[in-house]
Amino acid sequence: MSRKQGVRSRPGKKADLERKRDERAARRALAKERRNRAGESGDQEEFLSFANQLQVLGLRLREVPGDGNCLFRALGDQLEGHSRNHLTHRQETVDYMVKHRNDFEPFVEDDIPFDRHVENLAKPGTFAGNDAIVSFARNNQVNVVIHQLNNPLWQIRGSDKANARELHIAYRYGEHYDSVRSIHDNTETPAHLQTEMLSKDVSNRTGKLKSKVSDEQAEQQGDAVQKVRNATGCADVRLILQSLEAENYDIESAIQVVLQIEELNHIGDGDADYAEGSDCSYSSATWEPSEGVDPQRRPQTPQQEPTEHRKQSRPLRPKEDTQEQNKKNSSQKVSNKQRKEQQRLEKKKRQEERHRQKVQEQRSNTTDNNRQEEDASSVTIVKTLSTLTI
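Now for a quick tour of the structure.

## Re the packing of aromatic side chains
So, point 1. Enumeration over the complete set of coordinates arrives at three aromatic pairs.
So, point 2. Ring plane angle 25° and centroid distance 6.4 Å describe the contact between Phe 127 and Tyr 177, whose orientation is recorded as stacked. Taken as a pair, Phe 127 in the loop between α6 (114-121) and α7 (130-140) and Tyr 177 in strand β5 (residues 176-182) lie far apart in primary sequence, 50 residues in all.
So, point 3. Its relative accessible area of 44% is what places Phe 127 among the partly exposed residues.

## Focus on the nonpolar core
So, point 1. Among the nonpolar cores identified, the biggest contains 28 residues, and Leu 71, Leu 75, Ile 133, Val 144, Ile 156, Ile 169 and Tyr 177 are the most heavily contacted of them.
So, point 2. Elements with a contribution of two residues or more to this core: α3 (70-80), α4 (86-99), α6, α7, β2 (143-147) and β4 (166-172).
So, point 3. Discounting chain neighbours no more than four positions away, the residues touching Ile 133 are Leu 71, Val 144, Ile 146, Ile 156 and Tyr 177.
So, point 4. With 12 residues, the next largest nonpolar core counts Val 225, Ile 240, Val 257 and Ile 261 among its residues.

## What about helix α9 (residues 237-246)?
So, point 1. By the burial criterion, the buried members of α9 are Leu 239, Ile 240, Ser 243, Leu 244 and Ala 246. With its buried residues spanning 165° around the axis, α9 presents them on a single face.
So, point 2. Between the side-chain oxygen at the start of α9 and the backbone nitrogen of Arg 238 there is a gap of 3.3 Å, and the oxygen is on Asp 236.
So, point 3. Following α9 by one or two positions, Asn 248 has its phi on the positive side, about 55°.

## As for the pattern of salt bridges
So, point 1. By the definition in use, this model includes 11 salt bridges.
So, point 2. Of the charged contacts, one joins Glu 105 and Arg 101 as a salt bridge, the two residues approaching to 3.2 Å between their closest N and O atoms.
So, point 3. Residue Arg 101 is classed as partly exposed on the basis of its relative accessible area of 30%.
So, point 4. Between Asp 103 and Arg 138 there is a salt bridge, with the nearest N and O atoms lying 3.9 Å from each other. Remark: Arg 138 occurs in helix α7 and Asp 103 occurs in helix α5 (residues 101-104); sequence separation between them is 35 residues.
So, point 5. Note on Asp 103: relative accessible area 40%, which makes it partly exposed.

The rules behind each value
Residues numbered from 1 in each chain as written. Predicted model: local features only at pLDDT ≥ 70, side-chain atom pairs only at ≥ 80, totals over all residues. Heavy atoms only, no water. Phe/Tyr/Trp six-rings, centres within 6.5 Å; stacked < 30°, edge-to-face > 60°. Helix = DSSP H or I, 4+ residues; strand = E, 2+ residues; numbered from the N terminus. Buried < 20%, exposed > 50% of the residue type's maximum accessible area, 1.4 Å probe, protein only. Core = buried A, V, L, I, M, F, W, Y, C linked by side-chain atoms within 4.5 Å. Contact = heavy atoms within 4.5 Å. Arc of directions from axis to C-beta. Polar contact = N/O pair within 3.5 Å; in protein donor to acceptor, adjacent residues only side chain to side chain. Salt bridge = Lys/Arg side-chain N within 4 Å of Asp/Glu carboxyl O.

If you want it as structure tokens, here you go:
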């Protein structure tokens, strides 16, 4: 007896083939019955139930024609924003299955050769099943999420990456696929849906962690403001916060910035205190003019007073020489004062320019972060309690 005859004569093998034929016939009959029932009165009811189920998730159906190409039309709508390239997606899916034959051949029906199966699948209008979805997902490195009425989500993974893109499709009537979109998405752009697993315990822990982190940040920010305030005597919290942000919360640098800005803001004032309306002020010792000293001459702070004036004492002169010398000193004092004031104004401009650049840079970084958040917010989160992974 030949090997072929021996295989054919096995009762177990023949029984398996007959059983699978009966199962396929039953599935076809069930699908036909559903179609007939949907065509009569159940179509509208099923559609409304499915629409309500998706609406709870913030989603809706985008229907595609039921011409046998519905799977590739739905996947193409998710991937590209339209279904016009369904034939290309079909051929690429078949090509991937052929290249990875060992992965797909064991799952083809035993009585249908693999070559015939992929040959039929390549023809337009041929119904495609789970093996085609797996091939499409792996070829495009995406995860396909399947929505069904009153059933958990099915997820077919084509990539192990944490940020892999998800394509959401709906399986209806036991044989038809539609695309699933955000409830407000009427555009011809790629869909951006992302599944988020819900867990009460995890969500509570996450909320507590975020609250704890925000409280710690607020506390650290308040400590930094208080340290700068104590070191500078400045009560302008807004200025302190701007300086801290510009200096990346380096307290020492922020103290120097606040001191310099406040000093430059009040250059040219005659009194030791800052101008009226400022929140930051410093006190100086009371000064009274002495004999032989120009009463118009104002005192300098210890930091501003030249070193040679502190070290050397002024010699006594007769009254006439003193008056003449006072005139010369007055003229020199005016010119020196103008020169110093000009230097300080230039220094002030440079300091303000550096501060302005830091603030602009920080605002630019904030704008970039906001844009990234806006891009991330364009993804619609699909919340679910569980998924079945294939």
